[in-house]
Amino acid sequence: MKREEIVVPEGEIARQRDFQKKIRTMFQSRGAHPLARVETFGCQQNVADGQRLMGMLEEMGFAFTEDAGEANLVLLNTCAIREHAEQRVFGNLGILTHSKKENPEQVIVLCGCMAQEERVAKRVRESYRHVDLVFGPQALWRFPELLWQVYETKKRVFSIADEHGGIAEGLPVVRERGVKAWVSIMYGCNNFCSYCIVPYVRGRERSRESAAVLAEVRELVEAGYKDITLLGQNVNSYGNDLDTGYHFPDLLEDIDKIPGDYWVRFMSSHPKDATPRLFDVMAKCPHVAEQLHLPFQSGNDRVLGEMNRRYTRGTYLELIHYARSVMPGLVVTSDVIIGFPGETEAEAMDTVSLVEEVGFDALFTFIYSPRPGTKAAELPDPVPREEKQKWFDHLLEVQNARSAEIHAGYVGKTVRVLVDGESEDGDYPLSSRTEGNRLVRLKGDKSLIGRFLDVKITGSNTWALYGEAV
Ligand code: 5AD
Ligand code: SF4
């Protein structure tokens, strides 16, 4: 597709602002102060989308509430990555029949990745008749227009056409207060890993213009945000669709030139597109955090092939080896799937041995969950769940021991952290992060939130470090 067809024209965004105004005026004319309950499930990309949806709602005159009972509008921004995520959403939708009965004027919105699945839309159409509006991630920027249709026609609206997806600049946003911010640098995915639903629900890869990304990061730094995460399903293919020869490492180098006291990190990276140049740039740019989330999914080459990952165990290990050679303190995390269809115990143990070989600081581990519509969901899957659970538990044991060991290695050292909020631990009331994004619970008072500090690490466990300011 041509770039002009992908970038949403400014006039279209202005039209959406008109719909926002119409809705605002509608409530004002009734003397109403509408409330919205927004609930986001899933990954950081969804969190970022949720913040845009809240931005639009705010411009329509909504304030926010946690209580669905008192809300004029309830929006569920959903995730489709595993079955469990979908079940939770259906559970929540079921509960909303009560609030809708009490308050028939309440508008219920289902959006995000699940909403884009035909199977889900069908089920909602037939069995969840209290849902008023359904739209997928590609239609996010049209939310004001779709919502206006609901108010005007009093009919249910479904906007789930299979779309390539656009890029909409200039949408309003409600960010969390604090020090962390998310910046989407690209949308969609072209990789079609055989287990994954994302390419089917988020459309094709499309990169934002670097100037727009740079302007957004600069604005965030100037507004006081200190921990900025660049988001994309595969940030390493940033720019491939722009055909300008400008790639992700170039973007990192340019962001690094923005003056200020901040860290910038990114997720996720696909190993097939990670290059030594990326690691060289990370090593030399002071603002770029020495932290790498590089999902490997499986340590067995046959399984990697079946997953359509397009790298091998050997090339993955080489990448980690190179990255560590230029960044000795690099914090490395990864995603893993156990129990891919047809995976044998020996193959699962190859995954465990890769985990042992690399020594990840932390790992996000999943048991394979079939996603209807993906290639893997068609494969025979003879291994019983209990068997997969055993492999999974073994993997967790190995990883937890390693995380605990790596964390214990911090004790006695002084590290720089960013204090990012309060913690639930009474003895260590503050939460902070190292450059590598390790959690450090701290003694100290709230006035330290938002500051970089040198802290001495005094204790640790599998999940966190404990420290005191020096
Ligand atoms: N089943 C289990 N885990 C999955 N992931 C993606 N799709 C599936 C699936 N069908 C995991 C991958 C990915 C992470 C975001 O979720 O490990 O990296
Ligand atoms: Fe899914 Fe693979 Fe794309 Fe990641 S790279 S979103 S796992 S298809």
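Up top is the structure these notes are about.
Because the structure is predicted, anything quoted here is derived from the model rather than measured.

1. Things to note about the side chain of Gln116
Here Gln116 shows up in the loop between strand 4 (107–112) and helix 5 (118–127). From its side chain, Gln116 meets the backbone oxygen of Ile160 in a polar contact 3.1 Å long. If we ignore the near neighbours within four places in the chain, the residues touching Gln116 are Gly136, Pro137, Gln138, Ile160, Ala161, Asp162, Tyr200 and Val201.

2. Here's the deal with the site of ligand 2
Around ligand 2 sit Cys189, Asn191, Phe192, Cys193, Tyr195, Cys196, Val198, Pro199, Gln233, His270 and Arg309, and those are all the residues in its vicinity. By residue class, the composition of the shell around ligand 2 is seven nonpolar, three polar and one charged.

3. Here's the deal with the nonpolar core
Residues Ile185, Leu230, Phe248 and Phe266 are the most contacted members of the largest nonpolar core, which totals 59 residues. Other than its neighbours up to four places away in sequence, Ile185 contacts Ser207, Arg208, Val213, Leu230, Leu231, Val235, Tyr238, Phe248 and Leu251. By size, the runner-up hydrophobic cluster in this structure holds 34 residues, among which are Met54, Met56, Val107 and Cys111.

4. Notes on the environment of Glu70
Topologically, Glu70 is positioned in the loop between strand 2 (63–64) and strand 3 (73–78). The class of Glu70 is partly exposed, set by a relative accessible area of 43%. C-alpha separation for the pair Glu70 and Glu386, spaced 316 residues apart in sequence, amounts to 43 Å. What Glu70 contacts, discounting residues up to four positions off in sequence, is Leu35 and Thr65. In this structure the side chain of Glu70 is engaged in a polar contact, spanning 2.5 Å, whose partner is the side chain of Thr65.

5. Section: the packing of aromatic side chains
Under the definition given, this model contains 12 aromatic pairs. Centroid distance Tyr428 to Tyr466: 4.9 Å. Interplanar angle 65 degrees. Geometry classified as edge-to-face. One end of the pair, Tyr428, is in the loop between strand 15 (414–422) and strand 16 (430–434); the other, Tyr466, is in strand 19 (residues 465–469), with 38 residues separating them in the sequence. Residues Tyr428 and Tyr466 agree in their burial class; the two are buried. Members of the aromatic cluster, joined through ring pairs, are Phe296, Tyr311, Tyr316 and Phe360. Its end group placed over the ring of Tyr428, Lys443 keeps NZ or CZ at 4.5 Å from the ring centre.

6. So, the side chain of Asp132
By secondary structure assignment, the location of Asp132 is in the loop between helix 5 and strand 5 (133–135). A polar contact is formed between the side chain of Asp132 and the backbone nitrogen of Ile108, at a distance of 2.7 Å. When residues no more than four places from it in sequence are discounted, the contact partners of Asp132 are Lys100, Gln106, Val107, Ile108, Val150, Lys155, Arg156 and Val157.

7. Observations regarding the site of ligand 1
The full set of residues close to ligand 1 is Ile81, Arg82, Tyr195, Gln297, Asp335, Ile337, Phe366, Ile367, Tyr368, Ser369 and Arg371. Within the backbone of Tyr195, one N or O atom sits 3.0 Å away from a nitrogen atom of ligand 1. Contact with the protein chains removes 86% of the 410 Å² of surface that ligand 1 exposes when unbound. Residue assignment for the shell around ligand 1 shows that the elements contributing at least two residues are strand 13 (331–338) and strand 14 (362–367). For the shell around ligand 1, the per-class residue count stands at six nonpolar, two polar and three charged.

8. Observations regarding the sheet that holds strand 16
If you walk around this closed barrel you meet the five strands as 15-16-17-19-18, and the pairing is mixed. Sheet twist, expressed as the mean angle between neighbouring strand axes with direction ignored, is 50 degrees. Here strand 16 runs beside strand 17 (residues 439–443); their pairing, made up of four bridges, is antiparallel. Opposite Arg433, over in strand 17, you have Leu439 as the bridge partner.

9. Considerations on the environment of Leu278
Along the polypeptide, Leu278 turns up in helix 10 (residues 276–284). For Leu278, a relative accessible area of 1% translates into the label buried. The spatial distance from the C-alpha of Leu278 to the C-alpha of Arg402 is 27 Å, given a sequence separation of 124 residues.

10. Examining the packing of helix 10 against helix 12 (residues 313–326)
It is at 9 Å that the axes of helix 10 and helix 12 come closest, and there the two elements cross at 25 degrees. Classified by the angle their axes make, helix 10 and helix 12 are roughly parallel. Crossing of helix 10 against helix 12: the hand is right-handed. On helix 12, the residues touching Pro276, Phe279, Asp280 and Ala283 of helix 10 are Leu319, Tyr322, Ala323 and Val326. Partitioned by chemical class, the residues of the contact of helix 10 with helix 12 number seven nonpolar, no polar and one charged.

Conventions and cut-offs
- Residues numbered from 1 in each chain as written.
- Chains lettered and ligands numbered in written order.
- Predicted model: local features only at pLDDT ≥ 70, side-chain atom pairs only at ≥ 80, totals over all residues.
- Heavy atoms only, no water.
- Helix = DSSP H or I, 4+ residues; strand = E, 2+ residues; numbered from the N terminus.
- Polar contact = N/O pair within 3.5 Å; in protein donor to acceptor, adjacent residues only side chain to side chain.
- Contact = heavy atoms within 4.5 Å.
- Near = heavy atom within 4 Å.
- Nonpolar A, V, L, I, M, F, W, Y, C, P; charged D, E, K, R; others polar.
- Core = buried A, V, L, I, M, F, W, Y, C linked by side-chain atoms within 4.5 Å.
- Buried < 20%, exposed > 50% of the residue type's maximum accessible area, 1.4 Å probe, protein only.
- Phe/Tyr/Trp six-rings, centres within 6.5 Å; stacked < 30°, edge-to-face > 60°.
- Lys NZ or Arg CZ within 6 Å of the ring centre and 35° of its normal.
- Areas by Shrake-Rupley, 256 points an atom, 1.4 Å probe, with all protein chains shown as cover.
- Pairing = 2+ DSSP bridges.
- Axes fitted to C-alpha atoms, helices over the stretch in contact; angles between N-to-C directions.
- Parallel < 35°, antiparallel > 145°, perpendicular 65-115°, else oblique.
- Left-handed = near helix turned anticlockwise from the far one by under 90°.

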